[in-house]
Amino acid sequence: MAAFFIPAGYVQGQPAKDNSNEYRNGMVVCAYPDAALAGLNVLKKGGNAVDAAVAVQFALAVTLPEAGNIGGGGFMVYRPAKGAANTLDFREKAPGAASQNMYLDSAGNVIPAMSLSTHRASGVPGSVDGMVEAHRKYGRLKWEELVQPAIDLARGGFKITKRLAEDLNRNGADFRRLNEGKNYLIKDTPWQQGDLLVQEDLAKTLEQIRDKGRAGFYEGEVAEELVGEMQNGKGLISRTDLKNYHSVWRKALTGSYKGYKIITMPPPSSGGIALLQLLQSVEKYPLSRWGFNRDSTVQLLVEAERRVYADRSKYLGDPDFYKVPTDSLLRPAYNRLRMSSFSWDMATASASIQPGTFAGYESDQTTHYSIVDRQGNAVAITTTLNGSFGSKIFVRRGGFLLNNEMDDFSSKPGVPNMFGLVGGKANSIQPGKRMLSSMTPTIIEKDGKLFMVVGTPGGSTIITSVFQTILNVIEFNQNMQQAVESKRFHHQWLPDVVYIEQTAIDSLARVKLEQKGYKIVEGGPSGRVDAILKTKSGYYEGGADPRGDDTKLGW
Ligand code: GLY
């Protein structure tokens, strides 16, 4: 085995600041430096992009406990250098004992926080099966070699960044309140940058996964710990739920924008359909002439976002349970028609916009990583526990956190979830169903060749962040790092508000928009986009989001 490679200037406990754009052989961009390093080392010893993705996923489960996970789920979009693109759905599923009204009290009201911070908030985890399945189909190196770096990080410990120290300190009280006894994220004195985080229980769980593959998680000791935890806390996940969990290969969703081919995630993600609808809605307008975040650009994008999120609320859900009208939603004439109802003179009121109708229809947190390898194979994976640190409930002795993904279902029609998103029948709770997601891992081609790999966390803002990052490159000529760093804004139909990051819009544009009736609310950072662009000269250019500890490493 090749010696472990550490790039010059790399300092543990700090995001790597590698701005070289001279890499031709491969690149990893992800949310934590040690995980990026694990992925880069896999690429350097001959692993392909899927091998590196497996190493990154498990390394993030150790180094980014708020979102990296083995107790959650996600989506992979894969574009091989040769052959057809594919997607893997390893989204969590509702347990077999789940039911439509499980979060309602006897008066039919949603019980606050029940879908967020209780044992019943968790869906059946999909990440381990997803990695096993991705590796079985496309991996080249041995499975053990890909899980081992995460075991080493968990057992030997790693130096934490300032941001992780702050996140752990902020959540310490919740970890204590929601869990019995001690666990490795709880410390008597405040965490500080550079502290060593050691996770022996997690190392042992990862060893089971290394040695037994999916059986190391869905059966045996780890499964027993997980089911025991559920029984202690009145949770629903059973041995049968774990044994029966399987990820699903789904045909990639494709569309186009001004000659670029967009390859993205189909339902149960809403992200792919919404992204393609948004691109169709704005395609005929001269965005590059108007300019980045000018008032006309912002107005147009907001009006498109308003309409597309209205459709999301009604028509999107798990396609294994609900007939999603994908073809109708992606008809260019439909999206053009939707945009015809807006006026340049004033904001459309969301109350006046309903989900569209079309003939023939019956009816901090997630994390993303982008990887390319020497052959040009590309992987975009977005994976999540849903809320930051998921339900904040640990599987004791298993050393890992459980997701609170059940909140992504619609607990009751019209009642917003933690991201303010509303839904109805399409996304109602049913046993074995996957909750609707906004995760939008996406790969873009130009002239049949790889162009961009992109995705982000951010709940409901994922879709608009990916949309705006793509436009930043294609319309506004920004390089990958600029496109990722550029300030973003977001509208999701309800509430009828334009959220902007600080300084996203200059005061002139803001006044013009407010005069037209747009309610603008300034908020915190939106998303952490991690992306790779293949330049005309054949080099990979990374974009690692400075909103987090995101790191790009190439060779
Ligand atoms: N849990 C966030 C999402 O999947 O959209």
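Residues numbered from 1 in each chain as written. Predicted model: local features only at pLDDT ≥ 70, side-chain atom pairs only at ≥ 80, totals over all residues. Heavy atoms only, no water.

1. A word on the overall build of the protein chain
Move 1: Across its full length, the protein chain holds 17 helices and 20 strands.
Move 2: At 22 Å, the protein chain has a C-alpha radius of gyration in line with the 24 Å of a compact globule built from 555 residues.
Move 3: Taken over 555 residues, the protein chain has a buried fraction of 65%.
Move 4: A total accessible area of about 20,200 Å² is found for the protein chain, and carbon and sulfur atoms account for 50% of it.
Move 5: Distance between charge centroids for the protein chain: 4 Å, based on 65 positive and 58 negative side chains. (Helix = DSSP H or I, 4+ residues; strand = E, 2+ residues; numbered from the N terminus. Rg over C-alpha atoms; globule rule 2.2 N^0.38 Å. Buried < 20%, exposed > 50% of the residue type's maximum accessible area, 1.4 Å probe, protein only. Areas by Shrake-Rupley, 256 points an atom, 1.4 Å probe, with all protein chains shown as cover. Lys, Arg positive; Asp, Glu negative; His and termini not counted. Charge placed at Lys NZ, Arg CZ, Asp CG, Glu CD.)

2. Points about the pattern of salt bridges
One side chain can pair with another of opposite charge once the charged atoms of both are near each other.
Move 1: Applying the stated criterion across every chain yields a total of 37 salt bridges.
Move 2: The closest approach of N and O atoms between Glu 405 and Arg 91, which form a salt bridge, is 3.2 Å.
Move 3: Judged by its relative accessible area of 0%, Glu 405 falls in the buried class.
Move 4: We classify Arg 91 as buried; its relative accessible area is 0%.
Move 5: Each of Glu 66, Arg 163, Asp 167, Arg 170 and Asp 549 takes part in one network of salt bridges that share partners. (Salt bridge = Lys/Arg side-chain N within 4 Å of Asp/Glu carboxyl O.)

3. Digging into the packing of aromatic side chains
The relation between two aromatic rings is expressed through the spacing of the ring centres and the mutual angle of the planes.
Move 1: Applying the stated criterion across every chain yields a total of 16 aromatic pairs.
Move 2: Between Phe 292 and Phe 476, the ring centres sit 5.9 Å apart and the planes meet at 75 degrees, which makes this aromatic pair edge-to-face.
Move 3: The exposure class of Phe 476 is buried, given its relative accessible area of 14%.
Move 4: Site record: aromatic cluster; members linked through ring pairs are Phe 175, Tyr 184, Phe 389 and Phe 394.
Move 5: Sitting above the plane of the Tyr 539 ring, Arg 24 keeps its charged end 4.3 Å from the centroid.
Move 6: We note Lys 137 situated over the ring of Trp 249; from NZ or CZ to the ring centre the distance is 5.4 Å. (Phe/Tyr/Trp six-rings, centres within 6.5 Å; stacked < 30°, edge-to-face > 60°. Lys NZ or Arg CZ within 6 Å of the ring centre and 35° of its normal.)

4. Some remarks on helix H5 (residues 162–178)
Move 1: Relative to the 24 Å expected for 17 residues at 1.5 Å per residue, H5 spans 24 Å between its end C-alpha atoms, a close match to the ideal helical length.
Move 2: At Asn 171, H5 shows its maximal bend, which comes to roughly 50 degrees.
Move 3: Of all the positions in H5, only Arg 163, Leu 164, Ala 165, Asp 167, Leu 168, Asn 171, Gly 172, Phe 175 and Leu 178 are classed as buried.
Move 4: Tucked inside the fold, the buried residues of H5 contact helix H2 (49–63), strand S4 (158–159) and strand S11 (394–395). (Expected span 1.5 Å × (residues − 1). Bend = angle between axes of the 7 residues up to and from the residue. Contact = heavy atoms within 4.5 Å.)

5. Re the site of the ligand
Move 1: Around the ligand, the structure places Arg 91, Thr 384, Asn 386, Glu 405, Asp 408, Phe 419, Ser 437, Ser 438 and Met 439.
Move 2: Arg 91 places a side-chain nitrogen or oxygen 3.0 Å from an oxygen atom of the ligand.
Move 3: Measuring from an oxygen atom of the ligand, one finds a backbone N or O atom of Ser 438 at 2.7 Å.
Move 4: In the complex, the protein chains occlude 99% of the 190 Å² of accessible area that the ligand would expose alone.
Move 5: By residue class, the composition of the shell around the ligand is two nonpolar, four polar and three charged. (Near = heavy atom within 4 Å. Polar contact = N/O pair within 3.5 Å; in protein donor to acceptor, adjacent residues only side chain to side chain. Nonpolar A, V, L, I, M, F, W, Y, C, P; charged D, E, K, R; others polar.)

6. Topic: the sheet that holds strand S15 (residues 489–490)
Move 1: The strand order across the open sheet built from three strands is S15-S16-S17, with neighbouring strands paired in mixed fashion. For this open sheet the edge positions go to S15 and strand S17 (520–523), each flanked by a neighbour on one side alone. (Pairing = 2+ DSSP bridges.)

7. Section: the packing of helix H10 (residues 271–282) against helix H12 (residues 295–315)
Move 1: Where H10 contacts H12, the two axes come as close as 9 Å, and the packing angle between them is 140 degrees. By the angle class used here, H10 and H12 are oblique. Crossing of H10 against H12: the hand is right-handed. Two secondary-structure elements touch here, H10 through Ala 274, Gln 277, Leu 278, Ser 281 and Val 282 and H12 through Leu 300, Leu 301, Ala 304, Glu 305, Val 308 and Asp 311.
Move 2: Of the residues that constitute the contact of H10 with H12, the class distribution is seven nonpolar, two polar and two charged. (Axes fitted to C-alpha atoms, helices over the stretch in contact; angles between N-to-C directions. Parallel < 35°, antiparallel > 145°, perpendicular 65-115°, else oblique. Left-handed = near helix turned anticlockwise from the far one by under 90°.)

8. A few points about unusual backbone geometry
Move 1: With an omega dihedral of 20 degrees, the bond running from Pro 267 to Pro 268 counts as a cis peptide bond.
Move 2: Tracing the backbone shows Pro 268 in the loop between strand S8 (260–264) and H10.
Move 3: A positive phi angle is found at Lys 392, which is not glycine, with a value near 65 degrees.
Move 4: Checked against the element boundaries, Lys 392 lands in the loop between strand S10 (378–384) and S11.

9. Remarks on the environment of Tyr 322
Move 1: Tracing the chain through its elements places Tyr 322 in the loop between H12 and helix H13 (326–329).
Move 2: Expressed as a C-alpha distance, the spacing of Tyr 322 and Pro 268, which sit 54 residues apart in the sequence, is 9.8 Å.

10. Things to note about the confidence of the model for the protein chain
Move 1: Taken residue by residue, the protein chain gives an average pLDDT of 95. The fraction at 70 or more is 98%.
Move 2: Taking the mean pLDDT of every element in the protein chain, the minimum, 94, falls on S17 and the maximum, 99, on strand S3 (residues 86–90). (pLDDT = per-residue confidence, 0-100.)

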